[in-house]
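Structural overview for review
The primary structure of each chain is shown beneath.
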Amino acid sequence: MSLNFPPGLAISPSQVPWEELKGSDDAVEEVRVEQDISNFGIAGRIWEAAYLMRMYLRQSLPSVGLDVEFDPPCSLLDRKSPKVVVELGSGTGYVGLEVARCLSDRDTVILTDLKEVCPNLERNVSASSVKQAKVLVRPLGWGCFDDGEKLKVEDLRGSGLSHIVCSDLVYFPPLLPPLLRTLLQLTGSSFASEPVAGRNVEIIISYKIRCLEFEAPFWSAFGAYFNFEPVYSRRKRKKDSSEEWIRFGATSSGWDVGRDGEEKYFIFIARRKPESSEWPIPERDEELMNGRGDSTFETLLLLDMDI
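Each chain carries its own residue numbering, running from 1 in the written order of its sequence. Reporting of local features is limited, given that this is a predicted model, to residues whose pLDDT is at least 70; pairs of side-chain atoms are given and counted only at 80 or more, and all residues count toward the totals for whole chains, interfaces and linings. To get the side-chain values, all heavy atoms of the structure are used, and hydrogens and water are removed first.

**Thoughts on the nonpolar core**
Residues enter a nonpolar core if they are buried and are Ala, Val, Leu, Ile, Met, Phe, Trp, Tyr or Cys, with the set joined through side-chain atoms within 4.5 Å. Only protein chains enter the area calculation, which uses a 1.4 Å probe; residues under 20% of their type maximum are buried, those over 50% are exposed, and those in between are partly exposed. Formed by 43 residues in total, the largest nonpolar core has its most connected members in L88, L183, F218, W219 and F222. Not counting the four nearest positions on each side in its chain, W219 is found in contact with V170, I205, Y207, F228, F268 and F297. Within the second largest apolar cluster, 41 residues are counted, among which are L103, V165, I267 and I269. Throughout, a contact is declared for two residues whenever any of their heavy atoms are within 4.5 Å.

Set out below in structure tokens:
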């Protein structure tokens, strides 16, 4: 059975939830991708946290003119150095193409997913109007060391990663250990452009809470190896007023994607803890997920109760 076609799958294509994201000219127009659920299942749909990621990516593009600002601001839009970005679990390619559209011709975005999903990515890349950054499509199964090594040898060629992008990937317990293994591999010293593992690799994660019982163990294990923080937002200051910073994706921020006002979304910015590069990675998934722990995510949930 394919993980993209779980029993009882009954989903429909999603739509952009905010009018502010719907531009009328080519400079701000939504990246067009085909949501092909019938052929690709879960991987053929744009999931809700992708739209939150899109807002974060576009926050400093002058043509968009949004009245919201973020802390920290999106480092992908820093033009000081070329960017090499890998997106994990790209699915339709919506987020990865949005990343590419915000970059320049000296940057590279590598969309990755299972081998059987890559034809959908190739089709959407070919059909898109994105011409800003170089876009590649490559197979990369989570937890597959060989796929990661092939990416490094054939596509990175010693240049090193600058960013890893993940959108709506934390949802299915059996996939969480291999996802963490791939994140650890891609932030290791052989993928970084400096000797210290992960020094230059920033991870940007958009996430929707679906089942805390299943998802919280991932964040505990993730926090053992990575420092991470949420993105905050506020309306831009005017002469006579200013708003407090509120976690981006919280219902009270005004930018939650859920229609019922109860769903919670996050964008996290993460970097590998330098000391973790010296730790042996457990071979058994149970040890990887439960051997070390971190309370960052639990603390954020508690803080949300006061928002």
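**Some remarks on the pattern of salt bridges**
The working definition used for a salt bridge is a side-chain nitrogen of Lys or Arg within 4 Å of a carboxyl oxygen of Asp or Glu. The full count for this structure, using the stated rule, is 15 salt bridges. A salt bridge links E48 to R45, with the nearest nitrogen and oxygen atoms 3.0 Å apart. Note on E48: relative accessible area 16%, which makes it buried. Measuring nitrogen to oxygen at the nearest pair gives 3.2 Å for the salt bridge that ties R271 to E202. Pair noted here: R271 is in strand β10 (residues 265-272) and E202 is in strand β6 (residues 202-208), with a separation of 69 residues, a long-range link. Overall, the relative accessible area of 35% leaves R271 in the partly exposed class. Salt bridges sharing common partners tie together R45, E48, D168 and R210. Helix numbers and strand numbers start at the N terminus; a helix is a DSSP run of H or I with at least 4 residues, a strand a run of E with at least 2.

**Section: the packing of aromatic side chains**
Stacked, tilted and edge-to-face are the three classes assigned to paired rings of Phe, Tyr and Trp, where Trp is represented by its six-membered ring and a pair needs centres within 6.5 Å; plane angles under 30 degrees give stacked, over 60 edge-to-face, the rest tilted. In the structure shown here, the tally under the stated rule is 19 aromatic pairs. Aromatic pair Y207 and F266: ring centres 6.1 Å apart, planes at 25°, arrangement stacked. Highlighted residues: Y207 in strand β6 and F266 in strand β10, separated in sequence by 59 residues. Here Y207 matches F266 in class, with each residue buried. Taken together, a centroid distance of 5.1 Å and an interplanar angle of 80° make the contact between F218 and W219 edge-to-face. Considered together, F218 and W219 belong to a single accessibility category, that of buried residues. Over the ring of F226 we find R272; its NZ or CZ atom is 5.9 Å from the centre of that ring. Charges are assigned to positions over rings by a cutoff of 6 Å between ring centre and Lys NZ or Arg CZ, combined with an angular limit of 35 degrees from the ring normal.

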